[in-house]
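Notes for the structure review
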Amino acid sequence: MDKAKPYLIPKQLVMDAYQRVKANKGAAGIDDVTIQEFEKDLKNNLYKIWNRMSSGTYFPPAVKAVAIPKSNGGTRILGIPTVPDRVAQTVVKMVLEPIVEPKFHSDSYGYRPGKSALDAVGMARKRCWKYDWCIDYDIKGFFDNLDHCLVMKAVKHHTDSKWVLLYVERWLKAPLQKEDGTLVQRDRGTPQGGVISPLLANIFMHHTFDDWMRRNFPQIPFERYADDGLAHCSSYQQAQLVLEAMKKRLQECGLEIHPDKTRIVYCKDEDRRKSHEHEKFDFLGFTFRPRLSKNKWGKQFVNFTPAISNKAAQAIRDEIRSWQLHLRSDKRIDDIARMFNAQIRGWINYYGAFYKSALYPVLKTIEKDLITWTRRKYKRLKGHQKRAEYWLGRIALREPNMFAHWRYVRSPVGKMGAG
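Residues numbered from 1 in each chain as written. Predicted model: local features only at pLDDT ≥ 70, side-chain atom pairs only at ≥ 80, totals over all residues. Heavy atoms only, no water.

Points about the overall build of the protein chain
- Secondary structure summary: the protein chain contains 14 helices and eleven strands in total.
- Split into buried and exposed, the 419 residues of the protein chain put 49% on the buried side.
- Long-range pairs, those at least 24 residues apart, make up 67% of the contacts in the protein chain with a sequence separation of at least 6.
- Surface summary for the protein chain: the accessible area is close to 21,700 Å², and the carbon and sulfur share equals 49%.
- Measuring between centres, the 73 positive side-chain charges of the protein chain sit 6 Å from its 46 negative side-chain charges. (Helix = DSSP H or I, 4+ residues; strand = E, 2+ residues; numbered from the N terminus. Buried < 20%, exposed > 50% of the residue type's maximum accessible area, 1.4 Å probe, protein only. Contact = heavy atoms within 4.5 Å. Areas by Shrake-Rupley, 256 points an atom, 1.4 Å probe, with all protein chains shown as cover. Lys, Arg positive; Asp, Glu negative; His and termini not counted. Charge placed at Lys NZ, Arg CZ, Asp CG, Glu CD.)

What follows is the structure, given as structure tokens:
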């Protein structure tokens, strides 16, 4: 270690950070340097990062603003840092995360090691069975509106490391560069897309919301995934009281509960016979609502439970349509499987975790497109729907694991199942 450096940052930490950045892949930032190009002079590039961070002279470049379309017709701005900046952010994350992780609330699920969105959905399902009422809340423009002074105050609560605090503050202030090259200075918020942003958001929300709930409403369980969350109550009156307190608390911390996306929901089921204007909600791609289920003895009953939401199902159909399988007649069936099977398996693993049968109609969309592909590829099958189904069915019988969805949409004889 160079004794002249004011900050003691191990070179190995920078190398380990790079390995994480490489594993996560990701696009180039404003310098258009990809991970592959960065690797061409890896030793020198990593040395520059270490040297500047250790000496206190590392200044993050602007983050590249990328507009992502939202389902409501608007756009969400992602901020993509350069590869060197992602390495630098990962260095700080690797130092800061082990300090704060043990202090985080057990029901904070977003962007945390060892926790997942499915964990949050599973816990929400259990609590909806136990509690009659649920507050479904959303924070308006969460990442865009984080108060920098409060973020720094929260981070300082956990570390007095001067270099960690120095670079966190510089990343908060790093400008956004728009597509036309203009720079947008920021006095609040942390860009979605940054390596350090989710951790800073969790630290902020730990103090703003999670720990506040623990102190003020210890009897109210909740699940929070970044700015999206649920809180469970025994009565409507209790839910009203808690929601008003949440609005006031978040307002004190510079945030606002989204008025259109927040509601009190009645978790209606077999034993809950009241009526309420809100009897369903969406959470992390699942719609919670009353559904017909079977108990272990095969008896049907009404259960308040999650299944893939219409919004998520439509997003998957749109993605399948973008594959344009009907135009890929130059490919073989196993080529198509290699191109798309990992994505299909990911959908099944996530959305099939709860009430899997609701996912089957979406999976059948893939199968219908494969049949169309079959009819276009083989002239002898053109115009012959049944023959194309039979041909595909024989492949499925011979290699049932070629496509992850085949076991769910096909009967043992290879025809499309009833779902």
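Next, the rest of the story.
Section: the side chain of His-206
- In this structure, His-206 sits in helix α8 (residues 197-216).
- Those residues in contact with His-206 that lie beyond four places of it in its chain are Lys-103, Phe-104, His-105, Asp-211, Trp-212 and Arg-224.

Overview of a nonpolar patch on the surface
- A cluster of nonpolar side chains, namely Leu-292, Val-302 and Tyr-355, defines an oily patch on the protein surface of about 230 Å² accessible area.
- Mapped onto the elements of the fold, Val-302 is located in strand β11 (residues 300-308). (Patch = residues over 30% accessible without salt bridge, like charges linked within 9 Å, V, L, I, M, F, W, Y side chains within 5 Å. Salt bridge = Lys/Arg side-chain N within 4 Å of Asp/Glu carboxyl O.)

Quick look at the nonpolar core
- Core analysis: the biggest nonpolar cluster contains 67 residues, and Ile-9, Met-53, Val-92, Ile-135, Trp-163, Met-213 and Met-246 have the highest contact counts within it.
- In terms of residue count, the dominant contributor to this core is α8 (nine residues).
- Residues Val-265, Ile-336, Trp-373 and Trp-406 belong to the second largest nonpolar core, which totals 53 residues. (Core = buried A, V, L, I, M, F, W, Y, C linked by side-chain atoms within 4.5 Å.)

Overview of the sheet that holds strand β6 (residues 222-225)
- One open sheet accounts for four strands, arranged β6-β7-β3-β8; its pairing is antiparallel. Strand pairing shows two members of the sheet lacking a second neighbour, β6 and β8 (263-266), which therefore form its edges. Along the sheet, successive strands turn relative to each other by an average axial angle of 20°, direction set aside.
- The pairing of strand β3 (residues 133-138) with strand β7 (residues 228-233) spans six bridges and is classified as antiparallel. Paired with Asp-136 across the bridge in β7 is Leu-230.
- Contacts from α8 reach β3, β6 and β7 within the one sheet, and its direction differs from that of β6 by about 170°.
- The sheet strands contacting helix α9 (residues 236-252) are β3, β7 and β8, and the helix crosses β3 at an angle near 20°. (Pairing = 2+ DSSP bridges. Axes fitted to C-alpha atoms, helices over the stretch in contact; angles between N-to-C directions.)

Remarks on helix α6 (residues 148-156)
- Considered for burial, the residues of α6 that qualify are His-148, Val-151, Met-152, Ala-154 and Val-155. Across the axial projection of α6, the buried residues extend over an arc of 160°, all falling on one side. Along α6, the residues that are exposed and aim more than 90 degrees away from the buried face are Cys-149, Lys-153 and Lys-156.
- Those residues of α6 that are buried lie in contact with α4 (83-100), α7 (162-173) and α8. (Arc of directions from axis to C-beta.)

Some details on unusual backbone geometry
- Phi at Lys-25 takes a positive value of approximately 60°, unusual for a residue other than glycine.
- Locating Lys-25 in the fold gives a position in the loop between α1 (11-24) and α2 (35-39).
- The phi dihedral of Gln-324 is positive, around 50°, even though this residue is not glycine.
- Along the chain, Gln-324 falls in the loop between α10 (310-323) and α11 (333-351).
- Residue Gln-324 is classed as partly exposed on the basis of its relative accessible area of 39%.

Some points on the packing of α6 against α8
- At a minimum axis distance of 9 Å, the contact between α6 and α8 shows a crossing angle of 85°. Relative to α8, α6 is oriented roughly perpendicular. In this structure, α6 uses Leu-150, Val-151, Ala-154 and Val-155 to contact α8, whose residues at the interface are Leu-200, Ile-203, Phe-204 and His-207.
- Split into classes, the residues belonging to the contact of α6 with α8 amount to seven nonpolar, one polar and no charged. (Parallel < 35°, antiparallel > 145°, perpendicular 65-115°, else oblique. Nonpolar A, V, L, I, M, F, W, Y, C, P; charged D, E, K, R; others polar.)

With respect to the environment of Glu-223
- Tracing the chain through its elements places Glu-223 in strand β6.
- A residue is classified by how much of its surface remains accessible, and Glu-223, at 0% relative accessible area, is buried.
- Separated by 75 residues in the primary sequence, Glu-223 and His-148 have C-alpha atoms spaced 25 Å apart.
- Glu-223 has contacts with Asp-107, Tyr-109, Ala-120, Met-123, Ala-124, Arg-127, Tyr-137, Asp-228, Gly-229, Leu-230, His-232 and Phe-283, leaving out every residue within four places of it along the chain.
- Separated by 2.8 Å, the side chains of Glu-223 and His-232 make a polar contact. (Polar contact = N/O pair within 3.5 Å; in protein donor to acceptor, adjacent residues only side chain to side chain.)

Looking at the packing of aromatic side chains
- Summed over the entire model, instances satisfying the criterion amount to 26 aromatic pairs.
- Taken together, a centroid distance of 4.8 Å and an interplanar angle of 40° make the contact between Trp-133 and Tyr-266 tilted. Of the two residues, Trp-133 sits in strand β3 while Tyr-266 sits in strand β8, which places them 133 residues apart along the sequence. Judged on exposure class, the residue Trp-133 and its partner Tyr-266 are both buried.
- Taking 5.3 Å as the distance between ring centres and 40° as the angle between the ring planes, the aromatic pair formed by Tyr-137 and Phe-209 counts as tilted. One end of the pair, Tyr-137, is in strand β3; the other, Phe-209, is in helix α8, and 72 residues separate them in sequence.
- For Tyr-137, a relative accessible area of 0% translates into the label buried.
- Positioned above the aromatic ring of Trp-50 is the side chain of Lys-11, whose terminal nitrogen or guanidinium carbon lies 4.6 Å from the ring centre.
- Residue placement shows Arg-170 over the ring face of Phe-59; its charged tip is 3.8 Å from the ring centre. (Phe/Tyr/Trp six-rings, centres within 6.5 Å; stacked < 30°, edge-to-face > 60°. Lys NZ or Arg CZ within 6 Å of the ring centre and 35° of its normal.)

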